[in-house]
Amino acid sequence: MARKHPDWKPDLLRLHREEIGLTLEDTGEKLREIAERHGFNIAANFQTIWGHEKGSVYPGPHYRRAYCRLYRRNEAQLGFRKALPGEDAPVESIPAPASAQRKVPDQPDAVRKALSSIREGTDDVDSEALRARVVNAWSRHSARASTDGPTVILVGGYAGSGKSEFAKFLGGLTGWPILDKDSLTRPLVDQLLVSLGGEAHDRSSDLYRERVRPLEYRCLMEAAWDNLDCGISAILDAPFIAEFAQPQWMQRFQNRCRSKRVSVATIWVECDLESMREYIEFRGAARDAWKVEAWEEYASGLDLKFRPQGPHFVVDNSLGAAIALVDEARDVLSGGGL
């Protein structure tokens, strides 16, 4: 059953397109260019865009992100949803074209804006210091000269929250390797589950939680230590739900890092249920089959107020707002334009 989008104003897409003087065919071409630049999964053509503008088809996540990059507006300004607190609200009419006079965004400003979604989750962390560290690392990385000491960033969150997108953004800025739990272990985990009498894509049974999951995280952490022991920073991408909930695990990790003079940052990416559901359905991963089929049961087990034990940062990706800023920064850094 199709979901309703009562706050959607599809006519704003047409107004923004006409503002910069694009035809439907032009728009499709530019959206495809943006998709190639960002790795979006879309095949834009004039019929698709016409359907979006007429309101017959609600654009999926990648289409919405591409439209935001093309028109340099957020989802609220393009009429896809209501504005979040602090976001610019949509307008009912678009002023006369002024695209030639548009100011090209400054790269450092775009990076800082994208990182502004990191805020303190506890009183004993400094988000400005972390943002400055990432920006400095990006500056050195972009100049092909990185001499900083090792840093490990743990990026956690529920499935579909946007944690992997945010981890990739940090990796692209800093040049630090991304260690994604699923990328490192999924083929082995699938085979191990089968050999133990389970199903390859099962991630909800006691068999997985008790006998397989601990090995997944052990592999992830060992890969991280291999990098850190060589003075190489790393960004770890995994849910980390059980780990972040244990003060003892968090303290042991902090102590080991301190003994090796490794800087630590723990980031929790939070998101609303509907956005998580939309993205899980969109990516269509086999490991998510149970979540999709039994969404109400799965969702009832999520604690949207969950926070890691100990010092941590929070990225609020409600309605995809934080990732939209990431897309904007990527576009500026890549030199993307109309």
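Parameters at a glance
- Residues numbered from 1 in each chain as written.
- Predicted model: local features only at pLDDT ≥ 70, side-chain atom pairs only at ≥ 80, totals over all residues.
- Heavy atoms only, no water.
- Helix = DSSP H or I, 4+ residues; strand = E, 2+ residues; numbered from the N terminus.
- Buried < 20%, exposed > 50% of the residue type's maximum accessible area, 1.4 Å probe, protein only.
- Phe/Tyr/Trp six-rings, centres within 6.5 Å; stacked < 30°, edge-to-face > 60°.
- Lys NZ or Arg CZ within 6 Å of the ring centre and 35° of its normal.
- Axes fitted to C-alpha atoms, helices over the stretch in contact; angles between N-to-C directions.
- Parallel < 35°, antiparallel > 145°, perpendicular 65-115°, else oblique.
- Contact = heavy atoms within 4.5 Å.
- Nonpolar A, V, L, I, M, F, W, Y, C, P; charged D, E, K, R; others polar.
- Expected span 1.5 Å × (residues − 1).
- pLDDT = per-residue confidence, 0-100.
- Core = buried A, V, L, I, M, F, W, Y, C linked by side-chain atoms within 4.5 Å.

Comments concerning unusual backbone geometry
Positive phi values are uncommon outside glycine, yet F240 reaches one of about 60°. In this structure, F240 sits in the loop between β4 (234-237) and α10 (241-244). With a phi angle near 60°, L319 is a residue other than glycine that sits in the positive phi range. Considering the arrangement of structural elements, one finds L319 in the loop between β6 (313-316) and α15 (321-333). Judged by relative accessible area, L319 falls into the partly exposed class, the value being 30%.

Quick notes on the packing of aromatic side chains
Considering all chains together, one arrives at 16 aromatic pairs under this definition. Seen in terms of ring centroids, Y67 and Y71 are 6.1 Å apart; in terms of plane orientation they differ by 10°. Their pairing is stacked. With a gap of four residues between them, Y67 and Y71 both fall in helix α4 (residues 61-71), about one helical turn apart. Comparing Y67 with Y71 shows no difference in burial state: the two are buried. Where W295 meets Y298, the ring centres are 5.4 Å apart and the plane angle is 50°; that geometry is what we call tilted. Of this pair, W295 and Y298 both sit in helix α14 (residues 295-300), three residues apart, which is roughly one turn of the helix. In this structure, W295 and Y298 share a single accessibility class: buried. One aromatic cluster in this structure is built from Y158, Y217, W225, F240, F244, W249, F253, W268 and F306. Positioned above the aromatic ring of W225, the side-chain terminus of R256 is 4.0 Å from the ring centre.

Side note on the packing of helix α6 (residues 127-142) against helix α7 (residues 163-174)
At a minimum axis separation of 7 Å, α6 and α7 run at an interaxial angle of 50°. Taken together, the axes of α6 and α7 are oblique relative to one another. Contact with α6, carried on its side by V134, A137, W138 and H141, involves L170, G172, L173 and T174 of α7 and no other residues of that element. In terms of residue class, the contact of α6 with α7 is made up of five nonpolar, three polar and no charged.

Points about α15
Between its first and last C-alpha atoms α15 spans 19 Å; for 13 residues at 1.5 Å apiece the expected length is 18 Å, and the two agree. Among all positions in α15, only A321, A322, I323, A324, V326, D327, A329, D331 and V332 are buried. Each element contacted by the buried residues of α15 is listed here: α2 (24-38), α4, α5 (107-115), α7 and β6. Just past α15, the residue G335 takes up positive phi, approximately 75°.

A look at the confidence of the model for the chain
Scored by pLDDT, the chain has a mean of 89; 91% of the residues are at 70 or more. Across the chain, the element-wise mean pLDDT spans from 87 in α6 up to 98 in β4. When the criterion is pLDDT under 50, residues 96-101 qualifies, and its contacts beyond four places in sequence or with other chains add up to two contacts.

Some points on the nonpolar core
Counting residues in each nonpolar core, the largest one holds 31 residues, and the members touching the most others are V152, L154, L220, M221, L236, F240 and F253. At the level of elements, β2 (151-156), α9 (206-229), β4, α11 (247-259), α12 (273-283) and α14 are the ones that each hand at least two residues to this core. Per-element accounting of this core gives the leading share, seven residues, to α9. Counting 30 residues, the second-largest nonpolar core is a separate cluster that includes V134, W138, L170 and V269.

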